[in-house]
Each structure stands twice: as structure tokens, then as C-alpha cells.
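Architecture at a glance
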Amino acid sequence: MNHPLTRRQILTATAGAFAAVPVLAAFQPEHTGHGAPPTVPPAAPPKPGPSVVAAPVPGASPYTPVIMPDTPTLPFEMDNGVKVFRLVAEPVQREFAPGVVVNCWGYNGQSPGPMIEAVEGDRIRLLVTNNLPDGIHTTIHWHGILLPNGMDGVGGLTQKHIRNGETFKYEFTLRQHGTYMYHPHFDEMFQMGLGLMGMFVVHPREASVRRVDRDFAILLNEWLVKPGSATPDPTEMTNFNLFTFNGRMFPGTSPLVARLGEKVRIRIGNLSMTNAHPIHLHGYSFNVTGTDGGPIRESAQWPEVTTNVPTGAARDIEFIADAEGDWAFHCHKVHHLMNGMGHNLPLNLGVKQDDLAARLAKRIPGYMAMPASMSGMMEMGRPPNTIGSVWPGPFDEIDAGGMFTVVKVRKDIATYDDPGWYQHPEGTVAEPV
Ligand SMILES: [Cu+2]
């Protein structure tokens, strides 16, 4: 296959030997079968979230449990009618995708932290412990939740900082239902830039309200992890290179699986540093049914195929999964569909390069030619802890990374397990004529 060269195959090569000739780092075989990329040895085993989530047991819960792919739901204990949740802020390692392990800060061992799930009317107590490095203070703000002012978690303004080793108690009654988030409200740039954040879903008290058959949650984040390194740079304002759904990037993102005919909701939260993310679903027209301000009444809902989710906001989308298939679901900023996107590279589109390598090699010792095709290439010189953005698909290579996953709609399935690639009925696939 003659694969056209695109910017998504281009890694910024600011690290090590690539600094002198950045364009050299661009050309990597990106098939999983060509050997795993080198990784930075982690200090502790990575803690990826579960990739397969058990299906909810019918009748076991008054609401349809929300599935946050690759992320656990936070367990709670009951104490005299109060649901007690525990969150520990701490350094964690998150496997963004196979071969990419990032030093983050998170809650309870991962970034994003576990999803908090509760019901309107619940009295909840959230015990938050600061196990961050020495000298780092924190708080948690419950984004979008209506609560007493002193529970709002703004460091210095509504509470003292949570110092190292301290546990603070937040306690309030949930007066609303919808899609919310949690994150520090002290030292935000640093702490959110390193991954301290999570989703917070509140179900209606009456289970028939806004009921769906499958309910998913995805938290968006963006990072600058310089090629060859493993720690995000939280001082970056605009130039991010990794983009995650629930702390995972394609092909590490789990699919969203639904049975044909089911009503599906996807709750999308964005706590990225800077960017809005226009999230696009193929194959369906969906309704935007809620924000972190609350549900949108039916007469005011609007149809979309892409919904822009600003930073500091959440959007609920709903659709009837009435079309079988493997439907792409992704951010429509195409730079966010790459793993290790690089910027500030010379544009060489259309440049005649036939004899360029030979000419450059005379002046730059060790210069290697850039190939015209991705096929059959050797793995060469990818910086450690990075991967490419081209993966084996059922027909041909899938050119995607970052904020990309697949909504898989099938007949006759009962679980959330990945059913594999869609088997298209004969004569329904585009083909050469
Ligand atoms: Cu995006």
C-alpha cells in the first residue's frame, strides 16, 4: 500500500539524537506486529484501568450503572445512611496505550480518578487524603454540584488547604442529577496538568427519569509529554501532544459496546488545560440532552453529529443504537487523533525528495532517507515511551491515535465485552470497481 505521508506520522524529535535533524524521526513503521516501541522503565508497575467491565446485573440496581471505560467506579460504605467515599490524591503511573506509561498525579492509583456514582437525594461524605509529594497542598472542587459554600473546595477562599498526610471531610446532600466532575481547586495548573481529575455522576432519584439502556462516561484530557520522556509538562499552555479519553489513547481506548436498538447515553466531560474538543459520532444523529448545568428539556434538545465540549464543561448525548456496525467516535480536531503529534516542523509536502537524502547525507553524517511508503519499514529510532498512530484494522491500516474509539453496535449481545470487528453483510462494503 502506498501510504501517503501525513503529519500524523511525524513525531517532534526534540529529544536526544533527533534534535539536529527533526525530520528523521518522522518515519516509523506503526504496525503493532513490528515490535513494541521502547519504553521508559517505570518505577512501579503501571496501573491501567480494567479494559473489560462487567455488565450490570439486571435488577441489582435502581439505575443503569454508568460505565466509564478503562476506569473503575469508586466503591462506598454506608455509615448511618451516609454514603462514604474515599479519595487519595497521589502520584500514579498511567499506561496511556501499550508502550506508553506516563508519570501522572491521580486519585486511588490512576488518572483520571475513579468515577463517583450516586443518586439525587443521597447524603454523601467524601474523605480526601493528600498523599502528594511533600509540600504540595491540594483541595477538591465538586464541579457543577450544588452544595454549601464551605464544601466547594476552593483553596484559601472556602477552606484551608489539605496539607500532606491530612484527610479532609466534605459532606453534603445531592440536590440534583446529571453529569459533573471533580478536580483540585488549588495549584490547578500544576495538579490538573498532571492528571488530578475525575467524573461525578448523579442519577435521578426516580429511576425511570432519563433512563437509558447503556450509559457511558468519558473524561477528556490533553498533555505535553515530550518524546522520550514520561512526565507531563504542566506549564504548557497550548502545545499539547497527547490526547486522552479516560487517560487512554487509541489503540488503548476500550470500545463502547451496545446492543442493536438500545438507548445509549455518552457523558463527555472536559477538564483539558486549554482546548475544547468537538466530539464526533459516525452513523448516528444524536441529541444533546444535558450539560453540567443539568438536563435539557426535550423540546430544547437539538440534533448533532458533533458536539463541542469546552474545557470545564460536560455534555450528555443520547441516541438509539439502531444501526449495526463499528462506528468511529472521536475528537474532530484532527491533531487530537495522533499519538505524539509534533508541531513546528518544516512543511515538505510536494517537495521533490528523490535525491535529497543523498545530498543531505554528504553534509549531515548518518542522515537517513525518508521513504515514500510506510510499508515494510523497519522500526527506526522512535524515542522511548512513544508510539505511532497507524494500527491494523479489519480491512487495512487504521490511521488514528489519541481521542479515538469505536462504538460497536451488535445484535444479540448482553455484555460490554468487545465483540471484535463487525462482520459486514456481503455487498455492503465500499470496494474497487
Ligand atoms: Cu480534541
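What you see is a predicted model, and the numbers here were worked out from it, not measured in a lab.

What counts as what
- Residues numbered from 1 in each chain as written.
- Predicted model: local features only at pLDDT ≥ 70, side-chain atom pairs only at ≥ 80, totals over all residues.
- Pairing = 2+ DSSP bridges.
- Helix = DSSP H or I, 4+ residues; strand = E, 2+ residues; numbered from the N terminus.
- Axes fitted to C-alpha atoms, helices over the stretch in contact; angles between N-to-C directions.

The subject of this paragraph is the sheet that holds strand S21 (residues 325-331). Taken together, 5 strands build an open sheet; the order of strands is S13-S24-S21-S15-S19 and the sheet is mixed. With partners counted over all chains shown, the strands left at the sheet margins are strand S13 (256-259) and strand S19 (306-309), one partner each. Each neighbouring strand pair of the sheet contributes to a mean axis angle of 20 degrees, computed without reference to strand direction. With 4 bridges connecting them, S13 and strand S24 (residues 404-410) associate as parallel partners. Looking across to S24, one finds that Arg259 is bridged to Arg410.

This paragraph deals with unusual backbone geometry. Cis rather than trans, the peptide bond between Ser111 and Pro112 has omega equal to 0 degrees. Following the sequence through the fold, Pro112 ends up in the loop between strand S4 (100-107) and strand S5 (116-119). One non-glycine residue, Asn246, adopts positive backbone phi at about 50 degrees. Its location among the elements puts Asn246 in the loop between strand S12 (242-245) and S13. Phi is positive for Asp412, close to 55 degrees, though the residue is something other than glycine.

Moving on: the pairing of strand S16 (residues 286-291). Pairing of S16 with strand S18 (residues 302-304), which is carried by 3 bridges, proceeds in the antiparallel orientation. Bridged to Val288 within S18 is Trp302. The pairing of S16 with strand S20 (residues 313-320) spans 4 bridges and is antiparallel. Across the sheet, residue Gly290 finds its bridge partner in S20, namely Asp316. Across 2 bridges, the pairing between S16 and strand S17 (residues 294-295) is antiparallel. Within the sheet, the bridge partner assigned to Gly290 lies in S17 and is Pro295. In this antiparallel pair of consecutive strands, S16 and S17, the connection spans 2 residues.

Just distances and angles here, no functional claims.
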